[in-house]
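# Chain and residue survey
One-letter residues, chain by chain:
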Amino acid sequence: MRTLDVKEITAAVEKMAKQTNHFLSNDVKRAISGRTEKEPWPVAKGVLEKIEENITIAEEGVLPLCQDTGMACVFLEIGQDVHLTGGSVTDAVNEGVRRGYGEGFLRKSVVRDPLRRVNTKDNTPAHIHYEIVSGDKVKVVFAPKGFGSENMSQIKMLPPSAGAEGVKDFVVKVCEEAGANPCPPIVVGVGIGGTFDKVALMAKEALLIPFDEENSDPYYAEMEEELLTRINALGIGPQGFGGETTALSVKIKTAPTHIAGLPVAVNINCHVSRHAEMVL
Amino acid sequence: MEYRINGPFTKEKFEDLKAGDTVLLTGTVYTARDAAHKRMVEMLEKGETLPFDIKNAVIYYVGPTPEKPGNPIGSAGPTTSYRMDAYAPTLLDLGETGMIGKGQRSQEVKEAVLRNGAVYFAAIGGAGALMAQRVETAEIIAFDDLGAEAVRRLQVKDFPVTVVLDSHGGDLYQEGRAAYLESRK
């Protein structure tokens, strides 16, 4: 059995907290520049150019991409042949968040209690999802999530009779209702199936899929394409000022579900689609 | 149309603006978001004086990241405005002339904008680094304990905003989308 000191997890989280808030991945940057080029509406093109300028400024390392540096969402895939040593893995992740957000001059946006609302001042605790997988490695995915877009996300327990059309109509409706609020162009993560909690998790995980990675199931690959086309026909446009580019990407994740159910969740992200991963 | 407007931001300076116009603002703006709005309205209910003169004030809905040494401010883009809808009409009725944020507003805010000849501007959401470069100085003037949500006095230069709600009833979120869709017919 391989041993791994949780200090390495702390270091990975700290590094990725700083990195993701200044640098977008190439798939996201390619999608934005591609859309800027083909956007037919002048106002919209102008907004997209400003968004590209913002990316360049953030890469200098002084100013983060967005002032909402997010709630730290961490996905840990822990190989079953790894023995974690050196303390609690949860504490290790939170220490990484504390250091990354402190030393990285990132905003502390977390309140301890949802109703009494006192800021924890170090952006902890992170939202951590743990999964046990085969092998002797630990994969750490770090995805800071802004709440302008998180607030526009929705979940619906559809009846099975709603079918594919019901699911697609719901996804488009969520994006239309979100309008200008989540800083379009948006990124849309869709979960279909599972249970009430599973479907929301899948929608968030769908936001982590690289834009240029094609869905391995042609049925859902086609649905993603169709949804993107329908959302970009809404006319909301960048920042809601009107235009073609309302969404950059739609990704779907699915899971088996109950004979009585058709859960669907839509997790919206903004164009500052931040995530990174490290394998330890 | 493109405008450059220097403070103080009286409603007379905003009256020609139409939804969709772009404006470069130079002067003093105050930051306040959720918690600061709640406190300010509670202060008014208790008959207390606000931390800054609300007459002719422009409020920017922003909670910046901490500034790195040598910089006036960290990343500073707009937060979503609807969360301030419950408080904004009270402040508009007291003389606030402009709000900077992003996203749709309630009917009550739209009516208060019209009633007072005020303007609702949008800054580009998710472009906080770009926006921060137009901030020359930033100083916390109230509610220090709120951290990112404290009230700051900012001196901005050529701060780029777009008119969403003008004082004549215009709404860019409706008109911009409709105009684009019309162009595709």
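None of the values given here were measured: they were computed from a predicted structure.

### Some thoughts on the UniProt feature "domain: Fe-S hydro-lyase tartrate dehydratase beta-type catalytic" (unreviewed entry) in chain B
Listed under "domain: Fe-S hydro-lyase tartrate dehydratase beta-type catalytic" (unreviewed entry) in the UniProt record, and renumbered for this structure, are residues 6–175 of chain B. The span residues 6–175 of chain B is 24% helical and 26% strand by assignment, and the distance between its end C-alpha atoms comes to 27 Å.

### Topic: the nonpolar core
With 80 residues, the main nonpolar core has B:Phe14, B:Leu25, B:Tyr60, B:Ile100, B:Phe121 and B:Phe159 as its most contacted residues. It is strand S7 (residues 151–165) of chain B that provides the largest number of residues to this core, a total of 8 residues. Ranked by size, the runner-up nonpolar core spans 27 residues in total, among them A:Leu158, A:Ala178, A:Leu228 and A:Ile252.

### Examining the packing of helix H6 (residues 163–178) of chain A against helix H8 (residues 218–231) of chain A
Residues and elements named next belong to chain A. Viewed as axis vectors pointing N to C, H6 and H8 meet at an angle of 40°, and their least axial separation amounts to 10 Å. Of the two possible hands of crossing, H6 and H8 adopt the one that is right-handed. Along the contact surface, H6 presents Ala 164, Lys 168, Asp 169, Val 171, Val 172 and Cys 175, while H8 presents Tyr 219, Met 223, Glu 226, Leu 227, Arg 230 and Ile 231.

### Some points on the sheet that holds strand S8 (residues 247–257) of chain A
Residues and elements named next belong to chain A. Read across the sheet, 4 strands follow the order S6-S9-S7-S8 without closing on themselves; strand pairing throughout is mixed. Of all the strands in the sheet, the pair left with one neighbour each is strand S6 (154–158) and S8. Strand after strand, the sheet turns through a mean of 15° between neighbouring axes, direction not considered. Pairing between strand S7 (residues 186–194) and S8: 9 bridges, direction parallel. Paired with Ile 192 across the bridge in S8 is Thr 254. The sheet strands contacting H6 are S6, S7 and strand S9 (262–269), and the helix crosses S9 at an angle near 30°. Across the sheet, H8 lies against S7 and S8, angled at about 140° from S8, the strand it touches most.

### A short note on helix H6 (residues 172–183) of chain B
Residue and element names in this part refer to chain B. Its 12 residues give H6 an end-to-end C-alpha distance of 16 Å, which sits within 8% of 16 Å, the value for a rise of 1.5 Å per residue. Among all positions in H6, only Leu 172, Tyr 173, Gly 176 and Tyr 180 are buried. What you see down the axis of H6 is that its buried residues fit within an arc of 100°, all on one side. Those residues of H6 that are buried are in contact with strand S5 (119–122) and S7. The opening residue of H6 is Asp 171, an N-cap whose side-chain oxygen sits 2.9 Å from the backbone nitrogen of Tyr 173.

### Some thoughts on the pairing of S9(A)
Residue and element names in this part refer to chain A. Counting buried positions over the 8 residues of S9 gives 8, a clear majority of the element. Side-chain alternation along S9 places Leu 262, Val 264, Val 266 and Ile 268 on one buried face and Pro 263, Ala 265, Asn 267 and Asn 269 on a second face that is also buried. Examined bridge by bridge, S6 and S9 share 5 bridges and lie antiparallel to one another. Bridge pairing in S9 links Ile 155 to Ala 265. Where S7 and S9 come together, 6 bridges link them in antiparallel fashion. Bridge pairing in S9 places Ile 192 opposite Val 264.

What counts, and where the lines are drawn
- Residues numbered from 1 in each chain as written.
- Chains lettered and ligands numbered in written order.
- Predicted model: local features only at pLDDT ≥ 70, side-chain atom pairs only at ≥ 80, totals over all residues.
- Heavy atoms only, no water.
- UniProt positions renumbered as here; feature names shortened; annotations may be inferred.
- Helix = DSSP H or I, 4+ residues; strand = E, 2+ residues; numbered from the N terminus.
- Core = buried A, V, L, I, M, F, W, Y, C linked by side-chain atoms within 4.5 Å.
- Buried < 20%, exposed > 50% of the residue type's maximum accessible area, 1.4 Å probe, protein only.
- Axes fitted to C-alpha atoms, helices over the stretch in contact; angles between N-to-C directions.
- Left-handed = near helix turned anticlockwise from the far one by under 90°.
- Contact = heavy atoms within 4.5 Å.
- Pairing = 2+ DSSP bridges.
- Expected span 1.5 Å × (residues − 1).
- Arc of directions from axis to C-beta.
- Polar contact = N/O pair within 3.5 Å; in protein donor to acceptor, adjacent residues only side chain to side chain.

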